[in-house]
Amino acid sequence: MKSATFAFLAAAITPSTTAHYTFSGLIVNDEMVGKDWQYVRQHQNSYMPTKWKNIPSGSHSPDDTDFRCNKGASSGASTSVYTVKPGDKVALKQAFGGTGMAHPGPAQVYMSKAPSGDVKSYAGDGDWFKIAQSLICTPGSAESLKTNAWCSYGDDSIAFTVPSDIGAGEYLARVEHIGLHGAHGGEAEFYYACAQLKIEGGSGNSTVTPTVKIPGMYKSTDPAVNFSVWGKSTCYDEIPGPNVISGGVTEGSACGTSSGSTTGGAISKAAAPATDYLGTEYLKRSVVRRHVGGLTSRAAKRYHV
Ligand SMILES: [Cu+2]
């Protein structure tokens with residue numbers, strides 16, 4: 001009875017963490033630091049997605065100011081700030097015991113420096129830039145574009161390396177995964193949260209470009225968020241939002257011709273295999289892939305469009 005009750009409660013609390021998700025944990029150089037929501041702004045959107053159409057009850061659209069750090073997270077007054085240095089490997093881990101992102105789509109990491117120097121009071125209304133993105137890692141299969149062709153598919157975190165040239169200061173670091181399974185009908189799903197980081201050291205005298213505002217970096221008409229994973233395409237020719245900054249990292253490529261990481265600038269469909277590997281992908285890929293192997297069929301059944 002007791003275990004049955006527990007099982008029921010567990011199911012009630014986490015009915016679809018592989019289908020829906022958000023991020024609450026901070027991992028630095030392969031170690032979890034602190035507790036859930038200690039360094040990540042706790043928001044009120046649970047694991048529900050942000051969408052333009054058929055917005056889930058209580059959620060909002062990507063045109064809302066809450067698209068910055070998710071619902072009700074415009075202040076980080078009660079969130080701690082974790083100090084990192086350039087080259088540190090950072091990741092935000094899925095909340096609510098999520099065991100892997102089981103939606104097809106790209107992942108992005110944006111950062112924004114608190115103009116006042118105090119990220120706790122920063123609403124995220126300043127300039128944002130993209131430091132990392134992951135696209136397609138497995139080439140040549142339209143079928144796998146529904147699942148594990150995407151580099152991020154099955155991962156339980158979104159990782160990045162702290163850039164060396166964006167300067168010291170306090171930053172919001174916003175990780176985001178876009179579920180494209182409903183994008184053909186205008187229902188791309190956005191999953192994201194913001195960590196509060198203080199960067200010490202680094203050069204950082206150059207102007208970081210390109211920058212965008214949130215909301216505003218995506219439009220509901222952008223091809224990248226209206227892409228169909230249900231067609232014959234084996235490539236994701238559009239990237240959502242701006243290019244990564246100089247020194248930023250792209251994992252995979254538009255067509256999956258590269259499964260490593262490339263540094264900086266615009267992606268191209270004919271991207272050469274990566275020779276420059278910055279170690280962003282510190283979570284052991286083999287473990288993730290085994291996990292995905294067990295997850296795929298179940299995950300496929302959980303698609304909700
Ligand atoms: Cu979902």
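That block above? That's the structure.
Notes on the structure follow. All values derive from a computational prediction rather than experimental measurement.

1. A look at the overall build of the protein
Across its full length, the protein holds two helices and eleven strands. Secondary structure elements in the protein, listed N-terminal to C-terminal, are α-β-β-β-β-β-β-β-β-β-β-β-α. Split into buried and exposed, the 305 residues of the protein put 48% on the buried side. Taking all contacts inside the protein whose residues are at least 6 apart in sequence as the whole, residues at least 24 apart take part in 74%.

2. Some thoughts on the pairing of strand 4 (residues 89–94)
Buried residues dominate strand 4, accounting for six of its six residues. Here strand 4 runs beside strand 7 (residues 157–161); their pairing, made up of five bridges, is antiparallel. Its bridge partner lying in strand 7, Val 90 is registered against Phe 160.

3. Thoughts on the environment of Tyr 236
Take Tyr 236: it is sitting in the loop between strand 9 (189–199) and strand 10 (244–251). Judged by the 27 C-beta atoms lying within 10 Å of it, Tyr 236 falls in the buried class. For the pair Tyr 236 and Gly 105, spaced 131 residues apart in sequence, the C-alpha to C-alpha distance is 9.2 Å. Ignoring any residue separated from it by four or fewer positions in sequence, one finds Tyr 236 in contact with Pro 106, Leu 135, Ile 136, Phe 227 and Ala 254.

Criteria and cut-off values
Residues numbered from 1 in each chain as written. Predicted model: local features only at pLDDT ≥ 70, side-chain atom pairs only at ≥ 80, totals over all residues. Helix = DSSP H or I, 4+ residues; strand = E, 2+ residues; numbered from the N terminus. Buried ≥ 20, exposed ≤ 12 C-beta atoms within 10 Å, placed from the backbone. Contact = placed C-beta atoms within 7 Å. Pairing = 2+ DSSP bridges.

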